[in-house]
Amino acid sequence: MNILLLGSGGREHALAWKMAASPLVERLYCAPGNAGIAREAQIVPLDPGDHAAVIDFCRRKKIDLVVVGPEAPLVAGLVDDLEAAGIKAFGPTKAAARLEGSKGFTKDLCRANNIPTAAYERFTSAAAARDYVRRQGAPIVVKADGLAAGKGVVVAETIAQAEEAVAMMFDGGLGAAGAEIVIEEFLVGEEASFFALCDGKIAVALASAQDHKRVFDGDQGPNTGGMGAYSPAPVMTPQMVARTMDEIIAPTLAAMRAMGNPYKGVLFAGLMITADGPKLIEYNVRFGDPETQVLMLRLMSDLVPALVAACDGMLKNFDLRWYPDAALTVVMAANGYPGAYEKDSRISKLAAAAQVEGVEIFHAGTKACGENILANGGRVLNVCARGRTVAEAQARAYAAIDRIDWPGGFCRRDIGFRAIEREKAGT
Ligand code: AMP
Ligand code: GLY
């Protein structure tokens, strides 16, 4: 098979690494890619936003499957255009991608189908939103309806903060994404990321993970795209996975199908595990980053037939095998991230770092310049490791990081700390 992968992050490097290992793959292309993906795939200068150019490339190179990494091309309808051109593509159509593209859409779907989620209301005017905030009290959560690159959620600890968020969104602070907002109940519990592969009708549970969103140790400082992750999430016991599949994933799939928008692709549920069980915080219609990096390290089966089966509606009786090991990834970011950061700093000794047992290094924002690897983004590297325990995976990842020579970058030193505390306590 010939495959085209779209995207340029650590998620796409992990997917490329896994697909390149498949005996089914003849040629693997990636656009726009990065310096690490270039080791697994042929990088091509294609803009995923230019659907006609992507279709033309697929025809010329006889592409059998397009795998879309990020959400923006999905929400923009790239899969619809590829399918209309007769090209198989992994990911939801534009209508199905509303599960991520519109928080109001997803909340209404939950309400109509008794899917556990935070209580909420939708608003198109600041005055009504403010009244609601005052009636409900704080803490309360204010969310822009549309895609806002991770900046669309404000967890307000006071009514004043919530009112400020409402004003910011309706004043156009997030552009069109904030023209409509959702205000919802603050949920208490432990967060987990859960992934299911869907073929329109059937969902197969993939694995769970937990990520660290704050930039500094101890989960302090501003939010980021994610500073590290590990899999499995200890809170996702077999019973909690079963409840998530039965109470959240399956009714979502049934509702999307009944609406005439069957969901195909990977469904990423951001969950809050509350005293009452799992509740949906939000859906993403793509693989998580950095969760995918640890999922791919734990996946024993070939990924490619699973993606094809999801596209073809053939997931019935499909079985995926996983290593029982834990996997952990530490993100290395450029100094200054998530604020303004430096570009083009030189990274060396990556080959020595990759020699540590169980370690795999995935690139995110990197570019090659001759023999050198240069930083080319905020989140730059994912240093990943497998181990029998989260503690062992963590020790391996940090042993590799200590070999890397990159004065222009930093990382957290405590990724996985909650899971490791649990391992120590034996719970
Ligand atoms: P989202 O972009 O929807 O994943 O939200 C970003 C983060 O905000 C989540 O990972 C949670 O930590 C937090 N969050 C979102 N909604 C809620 C909620 N209803 N209750 C508590 N925390 C929330
Ligand atoms: N790690 C969270 C995300 O991919 O959105």
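Located above this text is the structure these notes cover.
This write-up is about the structure you can find in this document. Note that the structure is predicted; figures quoted are calculated from it, not measured.

## Some thoughts on the overall build of the chain
Secondary structure assignment for the chain yields 14 helices and 21 strands. Counting only contacts in the chain whose residues sit at least 6 apart along the sequence, the fraction spanning at least 24 positions is 68%. Surface exposure of the chain reaches about 17300 Å², of which carbon and sulfur atoms provide 50%. With 45 positive and 50 negative side-chain charges, the chain shows a separation of 2 Å between the mean positions of the two kinds.

## Observations regarding the site of ligand 2
Taken together, D211, F268, N284, R286, G288, D289, P290 and E291 are the residues near ligand 2. Between ligand 2 and D211, the relevant distance is 3.2 Å, taken from a nitrogen atom to a side-chain nitrogen or oxygen of the residue. Between ligand 2 and the protein, one listed contact pairs an oxygen atom with a side-chain N or O atom of R286 at 2.9 Å. Alone, ligand 2 offers 190 Å² of accessible surface; in the complex the protein occludes 83% of this. Of the residues assigned to the shell around ligand 2, the class counts are two nonpolar, two polar and four charged.

## Side note on the nonpolar core
If you look at the biggest cluster of nonpolar residues, it comprises 48 residues, and the most contacted ones within it are L4, V66, L82, L99, M236 and Y263. At seven residues, the largest contribution of residues to this core is made by helix 9 (residues 238-258). Beyond its immediate sequence surroundings of up to four residues, L4 is in contact with Y29, C30, A31, V44, L46, V54, F57, C58, I63, L65, V66 and V67. Counting residues in hydrophobic clusters, the runner-up holds 43 residues, among them L5, L15, V308 and C384.

## Some thoughts on the environment of L303
Considering the arrangement of structural elements, one finds L303 in helix 11 (residues 303-312). Assessed through its relative accessible area of 5%, L303 is described here as buried. Along the primary structure L303 and S22 are separated by 281 residues, whereas in three dimensions their C-alpha atoms are 7.5 Å apart. Residues within four places of L303 in sequence aside, it is in contact with L15, K18, M19 and M296.

## Structural notes on helix 2 (residues 51-60)
Listed as buried for helix 2 are H51, V54, I55, F57 and C58. When helix 2 is viewed along its axis, its buried side chains cluster within an angular range of 160° and face the same direction. Exposed residues lying more than 90 degrees from the buried face of helix 2 are A52, R59 and R60. A positive phi of about 50° marks K62, the residue just after helix 2.

## Some words on the pairing of strand 2 (residues 27-32)
Two elements, strand 1 (residues 2-7) and strand 2, share six bridges in a ladder whose sense is parallel. Directly across from L4, in strand 2, lies its bridge partner Y29. For the crossover from strand 1 across helix 1 (residues 10-20) to strand 2, the handedness is right-handed.

## Brief notes about the sheet that holds strand 1
Judged by pairing direction, the sheet is parallel, and its five strands sit side by side in the order 3-2-1-4-5 without closing on themselves. On the outer flanks of this sheet lie strand 3 (42-43) and strand 5 (89-90), each paired with one strand and no other. Where helix 1 meets the sheet, it contacts strand 1, strand 2 and strand 4 (65-68), and its direction lies at approximately 170° from that of strand 1.

## Thoughts on the environment of S125
By secondary structure assignment, the location of S125 is in the loop between strand 6 (120-123) and helix 7 (126-136). Overall, S125 belongs to the partly exposed group, its relative accessible area being 31%. Separated by 77 residues in sequence, S125 and I202 have C-alpha atoms that sit 39 Å apart. Within the structure, S125 has its side chain in polar contact with the backbone nitrogen of A128 (distance 3.4 Å).

## Concerning the site of ligand 1
Taken together, the neighbourhood of ligand 1 is formed by 15 residues, with E184, E185, L187, E191 and E282 sitting nearest. Backbone polar atom of E185 to a nitrogen atom of ligand 1: 2.9 Å apart, as the coordinates give it. Between ligand 1 and the protein, one listed contact pairs an oxygen atom with a side-chain N or O atom of E282 at 2.7 Å. For ligand 1, whose unbound accessible area comes to 470 Å², protein coverage reaches 85%. For the shell around ligand 1, the secondary structure elements donating two or more residues are strand 7 (140-144), strand 8 (153-156), strand 9 (181-185) and strand 14 (277-284). For the shell around ligand 1, the residue count by class is eight nonpolar, no polar and seven charged.

Rules of the game
Residues numbered from 1 in each chain as written. Chains lettered and ligands numbered in written order. Predicted model: local features only at pLDDT ≥ 70, side-chain atom pairs only at ≥ 80, totals over all residues. Heavy atoms only, no water. Helix = DSSP H or I, 4+ residues; strand = E, 2+ residues; numbered from the N terminus. Contact = heavy atoms within 4.5 Å. Areas by Shrake-Rupley, 256 points an atom, 1.4 Å probe, with all protein chains shown as cover. Lys, Arg positive; Asp, Glu negative; His and termini not counted. Charge placed at Lys NZ, Arg CZ, Asp CG, Glu CD. Near = heavy atom within 4 Å. Polar contact = N/O pair within 3.5 Å; in protein donor to acceptor, adjacent residues only side chain to side chain. Nonpolar A, V, L, I, M, F, W, Y, C, P; charged D, E, K, R; others polar. Core = buried A, V, L, I, M, F, W, Y, C linked by side-chain atoms within 4.5 Å. Buried < 20%, exposed > 50% of the residue type's maximum accessible area, 1.4 Å probe, protein only. Arc of directions from axis to C-beta. Pairing = 2+ DSSP bridges. Right-handed = clockwise from strand over helix to strand, strands pointing away. Axes fitted to C-alpha atoms, helices over the stretch in contact; angles between N-to-C directions.

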